[in-house]
Amino acid sequence: MTRIALLLGIACVTLISFYLFIVHPWWFPAGVSAHAPAMDRQFTIAFRLLGGLFLAGQFVLVAALFRGRSSSGDMPRSWYGNWRFEIAWTLAISAIFFGLSLAGEKLWSQMRIHDAEPGALAVEVTGMQFQWYFRYAGKDEKPGRVDAQRYAHPDEGNPLGIDPSDPAGADDIVSSTLVLPEGRDVLLTLRSQDVIHSLFIPAMRFKQDAVPGMEIHAHFKPTQAGTYEIACTQLCGLGHYRMRAAVRVVSEEEFRKWLDEKSKSK
Amino acid sequence: MSTANQKPRGFLRRCIFTTDHKTIGLQYIFLSLAAVLAGTFLSLLMRIHVVWPQAAIPFLGAIKPEDYLGYLTMHGTLMVFFVLSTAPQSGFGNYFLPLQLGASEMAFPRLSMAGFWLTAVSFLILLAAFFVPGGASQAGWTQYAPLSAVPAAGPGQALGTDLWLVSVAIFCVATVLTAFNFIVTHIRQRTAGVTWMRMRLACWTWFVAAMLSLPSFLILLLAGVMLLLDRHAGTSFFVPGGLLVSGRAVAGHDGGHGDPLMWQHLFWFFGHPEVYIAILPGMGLTGHLLSVFARKPVFGYKPMVWATCAIGVMGFGVWGHHMYVSGMNPYAGFTFSALTTAIAVPSAIKTFNWVATLWGGRIRYTTPLLFSVGFVSLFITGGITGPMLAQPALNLYLHDTYFVVGHFHLIMAMAGTFALFAAVHFWFPKMFGRMMSERLGALHFWITFLGAYAIFMPMHLLGAAGHPRRYSELTGVQYLAPMEPLQRFITIAAIVTMSGQLIFLVNFFRSMFRGEPAGPNPWECTTLEWSDASNVSPVVQRGPYEYDEKDFKFQI
């Protein structure tokens, strides 16, 4: 009786879970960056493979309950173990896990080891409790020096603390929206003013922690115009849940117009 | 068991400051019970707040975002340290390791006592954080610097965090002493005939868990001291210069080159072995129980031992998989990913062997067996997402989302707790001389098993959709709005499952006083601890002079 209950119970949770993952009423948003298709492909392979192992594992567990014996007698030697089985399933599972892992390494290399494409747009991202700021270097393509402790005055329009005496900083554009041109690599330099934050753009399949005291470089290429949301994914204090921003991807032309507008209004 | 020369002892020496390993084991178990009740209550508050942020809780009022983070931090700390790192090892280990090795006591009984009282003091200091100005720490049980290092970074980051650090430091000392005690006990206290390869699997896992605990908790102690120094002594281990928090410059670290990542390296160097410390005793017990209730030897005892040791050794090499997007050198992603994938293999071997132990057995469907089968099911489910998270390219998306929360709750929290429930039901007759109710046990099992899946499976979908973790509300980031119905489902499932735990409490306490009296070996076990009379009064079954055709019948 109990084993029927276990069969039904385990079958229930397994099949409902499996169904949920296939139908996935909540799932990845559409990927709009250059590496998104490759990442999504890797995810699909992983879900299918691991999903299959999940089904197989639960099935074999339940099957074991029904492969009982009724008579008692001496313990057969095979009950103590079977080296052939051990080697076989160890090799099989190693092949599956390592195969999956190796398949993903190339993608990691492309995202994080390889440099951004030449001509990439450089944008500096600064996180602070509980706001993101994005800085563009302006016409001179050199960002000004920043010293938050000395110069940062959010209520005077200088939240990042750009050194007013540095000429390179005079034309810097600071925005609370990350505006990007479509089809061009963007090289982000992530910084933080206070604690660790993390820039997460689900639609771009992009995430990188912003660590105080460090300047971390990471790049991606948006491939579709639109507005996408940014969330903070490193616990940073009581406002962590509302530390959001937006990425606005526009055509190259519109992007230049936006830059010009912002430069003029300085 | 030398009872010959014991002086009569008062209540204080017998029950409070005792060196008797069985009493100490029970003390730890009851401490963990208090911790799990507190931790579960906190998670109830968290789940309610996430979906009903304006709700007013009776006696507590409305929950503010900083309160939520305090509950979250304490929930994690209580559960990981005072439940999963205490009950399986120090609780059941202190009680049953000597019995399973045929020893009369642990190697250093006074260390056992010191360990318990340090743990108890640590527990009280931790809880005190709720009642100080600013409240409990809000940086999560992981306490990443500089959030944890700068008192001005949030309410709860001042005195609340200091208390957290002091509590954990004391816990580290207690655990290191206990681990040392366990290791020496394994080496020195095995009775004649108990070779290493004849030890029960549970003993092996206690041994490997202790071997992991010793260095890893020392590292955590070191890191905690460094953090306290950063906070109060002007050092800059983890705090760089030039920080501006809430419009005010952070003083005392000017020109410092503190490295926040250093905290993460130290913490996770402890933190990853820690999760194996939490689950290894449960794995050992599950193998043991599946064998007992399938009336079959453990399939592949030697491979099980080697797999346990492999998990232990490799467990020290994978900490970076918590840090792929932390700003750590991306080349390190390859090495940590290779080792993390490797460590999945011995875990899989153990799973195969558990199923093979059941296969062809004459299975007795007792409550401990139910929870052991549940352990294997949850271990498979929680473990299967491990290889996905192990890959840095995929981890990049899933890191710090609910996907991870679902993963570790299934494989560590739920599986670990199932092993604890199995342990309680299994060893109850030994501890209290009575049986727990099988009917209530089965009912409790089903609610918890189905509930665990109902709560944590949907979290994988939330993670896939990009739902970050540690968010106190869904009202900030807009793309979370469509996920509210799923979050509400999880909360309802959690409320039902938590209510179901009352059945366990009723069963536990009622059976202590009114459970059916148990014989000396009610489960018909083969292992050593059942050959010894219980420490509670034996229940005599027959008169003093009964003989039969064979020879004689024991009274008990």
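Here the structure is a predicted model, which is why all the values come from computation and not from measurement.

## Quick word on the overall build of chain A
Part 1: Check the secondary structure of chain A and you find five helices and 10 strands.
Part 2: In summary, chain A has a C-alpha radius of gyration of 26 Å against a globular reference of 18 Å for 266 residues, an excess of more than 25%.
Part 3: Reported as C-alpha extents along the three principal axes, the dimensions of chain A are approximately 90 × 40 × 35 Å.
Part 4: Residues classed as buried in chain A amount to 41% of the 266 residues present.
Part 5: Of the contacts formed within chain A by residues at least 6 apart in sequence, a portion of 71% connects residues at least 24 apart.

## Points about the overall build of chain B
Part 1: Within chain B one finds 16 helices and four strands.
Part 2: Whereas a compact globule of 556 residues would reach a radius of gyration of roughly 24 Å, chain B reaches 24 Å, a difference of no more than 12%.
Part 3: Across its three principal directions, the C-alpha atoms of chain B cover 90 × 50 × 50 Å.
Part 4: Classification of the 556 residues of chain B by burial places 59% in the buried group.

## Considerations on the packing of helix H5 (residues 109-128) of chain B against helix H6 (residues 159-188) of chain B
The relative placement of two packed helices comes down to the angle between their axes together with the axis-to-axis distance.
Residue and element names in this part refer to chain B.
Part 1: Packing of H5 against H6 leaves a shortest axis separation of 8 Å and a crossing angle of 165°. As far as their axial angle goes, H6 and H5 are roughly antiparallel. Between H5 and H6 lies a crossing of left-handed hand. Together, Leu111, Ser112, Ala114, Gly115, Leu118, Thr119, Val121, Ser122, Ile125, Leu126 and Ala128 of H5 and Leu163, Trp164, Val166, Ser167, Ile170, Phe171, Val173, Ala174, Leu177, Thr178 and Asn181 of H6 make up the contact between the two elements.

## Some points on helix H3 (residues 83-113) of chain A
Part 1: Between its terminal C-alpha atoms H3(A) stretches 42 Å, which fits the 45 Å expected from 31 residues at 1.5 Å a residue.
Part 2: At A:Leu107, H3(A) shows its maximal kink, close to 25°.
Part 3: Of the positions making up H3(A), those classed as buried are A:Glu86, A:Ile93, A:Phe97, A:Leu100, A:Ser101, A:Gly104, A:Trp108, A:Met111 and A:Arg112.
Part 4: Of the surrounding secondary structure, the elements contacted by the buried residues of H3(A) are helix H2 (36-66) and strand E8 (216-220) of chain A together with helix H9 (301-314), helix H10 (331-358), helix H12 (386-390) and helix H13 (392-398) of chain B.

## Some remarks on the environment of B:Thr286
Residues and elements named next belong to chain B.
Part 1: Counting through the fold element by element, threonine 286 comes out in helix H8 (residues 260-294).
Part 2: Residue threonine 286 is classed as buried on the basis of its C-beta count, with 30 C-beta atoms lying within 10 Å.
Part 3: Taking the C-alpha atoms as reference points, threonine 286 and tryptophan 354, separated by 68 residues in sequence, lie 8.0 Å from one another.

## Some details on the domain arrangement of chain A
All names here are of chain A.
Part 1: Parsing chain A into structural domains produces domain 1 (2-63 + 82-113) and domain 2 (121-264).
Part 2: The gap between the C-alpha centroids of domain 1 and domain 2 is 36 Å.
Part 3: Of the residues lining the interface, 10 residues belong to domain 1; the matching set on domain 2 comes to 13 residues.
Part 4: Residue composition of the side of domain 1 that touches domain 2, by class: six nonpolar, three polar and one charged.

## As for the interface of chain B and chain A
Part 1: If you look at the interface, chain B gives 90 residues, while chain A gives 82 residues.
Part 2: Counting residues per element, the side of chain B that touches chain A draws most heavily on H10(B), at 12 residues.
Part 3: Residues of the side of chain B that touches chain A, tallied by class, amount to 58 nonpolar, 24 polar and eight charged.

## Overview of the sheet that holds strand E5 (residues 186-192) of chain A
Residues and elements named next belong to chain A.
Part 1: Strand order in the open sheet formed by five strands is E3-E2-E1-E5-E8, with mixed pairing between adjacent strands. The open sheet has two free edges, formed respectively by strand E3 (173-175) and E8, since each of these has just one partner strand. On average, adjacent strands in this sheet sit at an angle of 25° to one another, irrespective of strand direction.
Part 2: Two elements, strand E1 (residues 121-128) and strand E2 (residues 131-136), share six bridges in a ladder whose sense is antiparallel. Directly across from threonine 126, in E2, lies its bridge partner tyrosine 133.

## Comments concerning unusual backbone geometry
Part 1: Cis geometry marks the peptide bond from A:Gln129 to A:Phe130; its omega dihedral reads -5°.
Part 2: Considering the arrangement of structural elements, one finds A:Phe130 in the loop between E1 and E2.
Part 3: Omega for the peptide link from B:Ala145 to B:Pro146 comes to 0°, which places this bond in the cis form.
Part 4: Despite not being glycine, A:Glu141 shows a phi value in the positive range, around 55°.
Part 5: Among the structural elements, A:Glu141 can be located in the loop between E2 and helix H4 (148-151).
Part 6: Residue A:Glu141 is classed as exposed on the basis of its C-beta count, with 10 C-beta atoms lying within 10 Å.

## Examining the nonpolar core
Part 1: B:Ala415 and B:Ala422 are the most contacted members of the largest nonpolar core, which totals 247 residues.
Part 2: Here the element with the most residues in this core is helix H14 (residues 402-432) of chain B; it accounts for 19 residues.
Part 3: When residues are assigned to domains, this core turns out to be shared by domain 1 (2-63 + 82-113) and domain 2 (121-264) of chain A, each giving three or more.

## As for the pairing of strand E6 (residues 197-201) of chain A
Residues and elements named next belong to chain A.
Part 1: Judged by how many residues are buried, E6 sits mostly within the fold: five of five residues are covered.
Part 2: Across the two faces of E6 the burial is the same, with His197, Leu199 and Ile201 and Ser198 and Phe200 all buried.
Part 3: Across five bridges, E6 lies against strand E7 (residues 206-210) in antiparallel orientation. Looking at E7, one finds that leucine 199 is bridged to glutamine 208.
Part 4: Here E6 folds back onto E7 in antiparallel fashion, the turn holding four residues, of which arginine 205 has a positive phi close to 50°.
Part 5: Relative to strand E9 (residues 226-232), E6 runs antiparallel, the two being bridged by two bridges. For leucine 199, the partnering residue across the bridge sits in E9 and is cysteine 232.

About the thresholds
Residues numbered from 1 in each chain as written. Chains lettered and ligands numbered in written order. Predicted model: local features only at pLDDT ≥ 70, side-chain atom pairs only at ≥ 80, totals over all residues. Helix = DSSP H or I, 4+ residues; strand = E, 2+ residues; numbered from the N terminus. Rg over C-alpha atoms; globule rule 2.2 N^0.38 Å. Buried ≥ 20, exposed ≤ 12 C-beta atoms within 10 Å, placed from the backbone. Contact = placed C-beta atoms within 7 Å. Axes fitted to C-alpha atoms, helices over the stretch in contact; angles between N-to-C directions. Parallel < 35°, antiparallel > 145°, perpendicular 65-115°, else oblique. Left-handed = near helix turned anticlockwise from the far one by under 90°. Expected span 1.5 Å × (residues − 1). Bend = angle between axes of the 7 residues up to and from the residue. Domains from an automatic or database assignment. Nonpolar A, V, L, I, M, F, W, Y, C, P; charged D, E, K, R; others polar. Pairing = 2+ DSSP bridges. Core = buried A, V, L, I, M, F, W, Y, C linked by C-beta atoms within 7 Å.

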